[in-house]
Amino acid sequence: MAKKFIPSISVIIPMYNAEKYIGECLDSILAQTFDDYEIIVVDDCSTDDSCKIVENYMNGEGQYKIQLVKLSENSGMPSTPRNRGLEISRGEYLFFMDDDDAVTDTAFEELYNVAKKFDADVVHCQKFFTAPGETVTTDKNLLKAISNERRDIIASPEWEPNDFAKRVINFSEHKIAWAPWQHFIKRDLLVKMNIEFPPLSISDDFLFSFFILCTAKKYLTVPNTIYIYRVRQNSTFHSVKTVEKIIHSHVRDFFVGMAHLDNFMEKFKFFKLFPDFKYKVFDFFMGNCGIERIVLQIYEQLPAYELDSLIRKELDSITDKTALTTYLFSRMNILTLKLIQQLEKKV
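Described in the following lines is the structure provided in the data block. (Residues numbered from 1 in each chain as written. Predicted model: local features only at pLDDT ≥ 70, side-chain atom pairs only at ≥ 80, totals over all residues. Heavy atoms only, no water.)

1. Observations concerning the packing of helix H5 (residues 164-172) against helix H10 (residues 275-289)
Threshold: Working convention: axes come from line fits to C-alpha atoms, limited for helices to the stretch in contact. Angles between N-to-C directions cover 0 to 180 degrees. Helix numbering and strand numbering both begin at the N terminus, where a helix is a DSSP run of H or I of at least 4 residues and a strand a DSSP run of E of at least 2. Between 65 and 115 degrees an angle is taken as roughly perpendicular, under 35 as roughly parallel, over 145 as roughly antiparallel, and anywhere else as oblique. Each helix crossing is assigned a hand: it is left-handed if the near helix lies turned anticlockwise from the far helix by less than a right angle, otherwise right-handed if that turn is clockwise. Note on contacts: a residue pair qualifies if any of its non-hydrogen atoms lie within 4.5 Å across the two residues. Under the scheme applied, nonpolar residues are Ala, Val, Leu, Ile, Met, Phe, Trp, Tyr, Cys and Pro; charged residues are Asp, Glu, Lys and Arg; polar residues are all the others, including Gly.
Closest axis-to-axis distance for the H5/H10 pair is 9 Å, and the angle between their directions is 20 degrees. When the axes of H5 and H10 are compared, the pair comes out roughly parallel. The handedness of the crossing between H5 and H10 is left-handed. Where H5 approaches H10, its residues Ala165, Val168, Ile169, Phe171 and Ser172 are matched on the opposing element by Phe277, Lys280, Val281 and Phe284. Across the contact of H5 with H10, the residue classes break down as seven nonpolar, one polar and one charged.

Rendered as structure tokens:
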């Protein structure tokens, strides 16, 4: 019986209505100097010609590289197609891409070589390129390299500290970015630790990246700049949403995300011994969910009874409210204590 082929890298791309961009994304992958990879495109029920474009590639240059998987119904969140791609992937390492982005032609060669050299569980890229406009170029001379981390840019690969507290602090202080495409991950790590993307609309990448940071023994940060992020004002992230959709995406993500974070951190003795770190993560997650943006965007636009009705609707759909309740109760008491202390100083 022939041995099953296992590629070195599985590239997982969730896709939805990306007919303008998926071609450039696939072109950049097929132009790699490193050839041992598979591409898994998971379509979330696109209504345009995205699938046809991918199928054309499957009949051409990407005949033996590309697999197109079509979900039976639209999930409305990137986590579902990402998890489906993870489920069927075979690669030693995984790399997640967005359907409108690209990579430099040496991206996979660089990532795989450094991962094998250091035997890393995770290779984390501190920098990436931005490419505004409708056309993405892979010419590094025309791209701008940036970092979204609040720490110094490194010049050579560095291990993240094995000090668990230091890792949590760095993450919660925005010193470690959480975009999925900034990580090159050993598939075995995710399988053995049962890690996947939580069912969230806008914060699944936040939790996923926190999970791998907490579980990876060998977490390597590198200066390699290989990913090309397309800045689009009409993307899903930037699109205009109704008040109800804003509340649904942000509030639901907060409620569900808190439960997933709590369940994950309960597995670690560290968070039980040092609950302040747990609340530090909760606070950071709350800010990332955009609760403050909800307050600024809609709390002056709707009467209280309408807001109450919309939020109750979301809360009623959540079964696990323990983490949310304890967090809000704790924060309410801390705020009350601070107000009392301020009043005492004035007396």
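2. Brief notes about unusual backbone geometry
What counts here: With a 1.4 Å probe rolled over the protein chains alone, any residue whose accessible area is under 20% of its type maximum counts as buried; one over 50% counts as exposed, and the rest are partly exposed.
Positive phi, normally seen in glycine, also occurs at Asn17, with a value near 45 degrees. Inspection of the secondary structure assignment puts Asn17 in the loop between strand S1 (9-15) and helix H1 (22-30). Non-glycine residue Asn194 carries a positive phi angle of around 55 degrees. Note that Asn194 resides in the loop between helix H6 (187-192) and helix H7 (204-215). Overall, Asn194 belongs to the exposed group, its relative accessible area being 66%.

3. Structural notes on the packing of aromatic side chains
Inclusion rule: Each Phe, Tyr or Trp ring, with Trp reduced to its six-membered ring, pairs with another whose centre is within 6.5 Å; inter-plane angles below 30 degrees give stacked pairs, above 60 give edge-to-face pairs, and intermediate values give tilted ones. Sitting over a ring, as applied to charges here, requires NZ of Lys or CZ of Arg to be within 6 Å of the ring centre and within 35 degrees of the ring normal.
By the definition in use, this model includes 37 aromatic pairs. Geometrically, the ring pair formed by Phe171 and Trp178 is tilted, given 6.0 Å between the ring centres and 55 degrees between the ring planes. Neither Phe171 nor Trp178 differs from the other in exposure class; each is buried. Relative to Phe284, the ring of Phe171 lies with its centre 5.9 Å away and its plane at 90 degrees, an arrangement referred to as edge-to-face. Note that Phe171 is positioned in helix H5 and Phe284 in helix H10, a separation of 113 residues in sequence. For the residue pair Phe171 and Phe284, the accessibility class agrees, reading buried in each case. Just above the ring of Tyr37 sits the side chain of Lys65; from NZ or CZ to the centre is 4.4 Å. A cation over an aromatic ring shows up here: Arg82 above the ring of Phe197, its NZ or CZ 5.2 Å from the ring centre.

4. Some words on the pairing of strand S2 (residues 37-43)
Spelled out, the test is: Being paired, for any two strands, means DSSP has found at least two bridges between them.
Most of S2 sits inside the fold, with seven of its seven residues counted as buried. Here S2 shows two buried faces, one formed by Tyr37, Ile39, Val41 and Asp43 and the other by Glu38, Ile40 and Val42. Two elements, S2 and strand S3 (residues 66-70), share five bridges in a ladder whose sense is parallel. Bridge pairing links Ile39 to Ile66 in S3.

5. Some words on the sheet that holds strand S8 (residues 144-147)
The pairing of strands in a sheet happens through backbone hydrogen bonds and is either parallel or antiparallel. Spatially, the four strands line up as an open sheet ordered S5-S12-S7-S8, and their pairing is mixed. Edge positions in the sheet fall to strand S5 (102-103) and S8, since each has one partner strand and no second. One ladder, built from four bridges, connects strand S7 (residues 127-132) with strand S12 (residues 227-231); its direction is parallel. Looking at S12, one finds that Pro132 is bridged to Val231.

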